[in-house]
Amino acid sequence: MRTETPWGPWEPAPLAEVARRFAPLRTPWWIAGGHAIELAVGHSFRGHADIDVMLLRRDQLTAQRTLAGWEWWAADPPGTLRPWLRDELLPPEVHDIWCRPGPDEPWRIQFMLDDADGDEWAFRRDPRIRLPLDRLGRVSGDGIPYLEPQVQLLYKAKSRRPKDEVDFTATLPVLDADRRAWLTETITLAHGADHPWAVRLRSQG
């Protein structure tokens, strides 16, 4: 799927290619975004304009080492791209990195940086919300690590774009009671009890 952006076209790398490139890493990483939702659901159900890999902020330089020879661009808020220099530690407000093999190539992989405090993941939008790092993700039958679907939905709850609504609806049947309860509690904490997803989760028990 190829899409155009003001900063050049996106042509996301296939999931299998991303998994192959990151398999040698000794620091944790997870497929995130819509691909993580599909891995949890067990099948593909929509197109994807990009592919996301989540890293802990403290491991951010592994992106550069993994994609040696690629270009890395940091997404500086509120919406500008700038080159990410080799061995530069990005400031806390920068969470997204766009990568491509060269200046004439489309963007292929997006990195998401997330926070950790020791052995705990901390939700960057509300650090009261935490999880042990060993409960942050799962591994697919093909050996691909991916973000727990309820964690990914917590991130998606802020914007609720049409694709996020599709992902939420598709994921509900595969969430067990504990994951539903966690998602209900965290959405309520971060966005209020009247958030439509929190209301829907409570209504379905």
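This text goes with the structure placed above it.
Residues numbered from 1 in each chain as written. Predicted model: local features only at pLDDT ≥ 70, side-chain atom pairs only at ≥ 80, totals over all residues. Heavy atoms only, no water.

1. Let's talk about the packing of aromatic side chains
For the coordinates displayed, the defined rule picks out 11 aromatic pairs. On the basis of an interplanar angle of 70 degrees and a centroid distance of 5.5 Å, the ring pair of Trp 10 and Trp 98 is categorised as edge-to-face. Of this pair, Trp 10 sits in the segment before helix H1 (15–22) while Trp 98 sits in strand E5 (residues 96–100); the two residues are 88 residues apart in sequence, bridging distant segments of the chain. When the ring of Trp 121 is compared with that of Trp 182, the centres are 6.5 Å apart and the planes differ by 45 degrees; the resulting orientation is tilted. Residue Trp 121 is found in strand E7 (residues 120–122), and its partner Trp 182 is found in helix H6 (residues 177–191); the two are separated by 61 residues along the sequence. By relative accessible area, Trp 121 is classed as buried at 0%. (Phe/Tyr/Trp six-rings, centres within 6.5 Å; stacked < 30°, edge-to-face > 60°. Helix = DSSP H or I, 4+ residues; strand = E, 2+ residues; numbered from the N terminus. Buried < 20%, exposed > 50% of the residue type's maximum accessible area, 1.4 Å probe, protein only.)

2. Topic: the pattern of salt bridges
Applying the stated criterion across every chain yields a total of 19 salt bridges. Salt-bridge contacts for Asp 115 lead to Arg 57; the nearest nitrogen and oxygen are separated by 3.3 Å. Placement of the pair is Asp 115 in strand E6 (residues 109–117) and Arg 57 in the loop between strand E2 (52–56) and helix H3 (62–66), with a sequence separation of 58 residues. Exposure remark for Arg 57: the relative accessible area of 13% places this residue in the buried category. One salt-bridge network, held together by shared partners, links Arg 46, Lys 156, Arg 161, Asp 164 and Asp 167. (Salt bridge = Lys/Arg side-chain N within 4 Å of Asp/Glu carboxyl O.)

3. Concerning the packing of helix H2 (residues 33–41) against helix H5 (residues 162–171)
It is at 10 Å that the axes of H2 and H5 come closest, and there the two elements cross at 20 degrees. Between H2 and H5, the interaxial angle falls into the category roughly parallel. In the crossing of H2 with H5, the sense of the turn from one axis to the other is left-handed. When H2 is examined against H5, the residues Gly 34, Ile 37 and Val 41 are found in contact with a partner set consisting of Asp 167, Ala 170 and Thr 171. In terms of residue class, the contact of H2 with H5 is built from three nonpolar, two polar and one charged. (Axes fitted to C-alpha atoms, helices over the stretch in contact; angles between N-to-C directions. Parallel < 35°, antiparallel > 145°, perpendicular 65-115°, else oblique. Left-handed = near helix turned anticlockwise from the far one by under 90°. Contact = heavy atoms within 4.5 Å. Nonpolar A, V, L, I, M, F, W, Y, C, P; charged D, E, K, R; others polar.)

4. Some points on the environment of Glu 185
Among the structural elements, Glu 185 can be located in helix H6. The exposure class of Glu 185 is exposed, given its relative accessible area of 55%.

5. A word on the packing of helix H4 (residues 149–156) against H6
The interhelical angle for the contact between H4 and H6, taken along N-to-C directions, is 20 degrees, at an axis separation of 10 Å. In terms of orientation, H4 and H6 fall into the roughly parallel class. In this structure, the crossing between H4 and H6 has a hand that is right-handed. Along its contact with H4, which presents Gln 150, Val 151, Leu 153 and Leu 154, the element H6 presents Arg 179, Trp 182, Leu 183, Thr 186, Ile 187 and His 191. For the contact of H4 with H6, the per-class residue count stands at six nonpolar, three polar and one charged.

6. Some details on the nonpolar core
Counting residues in hydrophobic clusters, the biggest one holds 56 residues, and the most contacted among them are Ile 109, Phe 111, Trp 121, Leu 136 and Leu 183. Ignoring sequence-local partners within four residues, the contact set of Leu 136 consists of Trp 30, Met 54, Trp 121, Leu 131, Leu 147, Glu 148 and Val 151. (Core = buried A, V, L, I, M, F, W, Y, C linked by side-chain atoms within 4.5 Å.)

7. Considering unusual backbone geometry
Its identity as a non-glycine residue notwithstanding, Asp 87 has a phi of 65 degrees, on the positive side. Tracing the backbone through its elements, the reader meets Asp 87 in the loop between strand E4 (80–83) and E5. Despite not being glycine, Arg 160 shows a phi value in the positive range, around 50 degrees. Mapped onto the secondary structure, Arg 160 falls in the loop between H4 and H5. Assessed through its relative accessible area of 32%, Arg 160 is described here as partly exposed.

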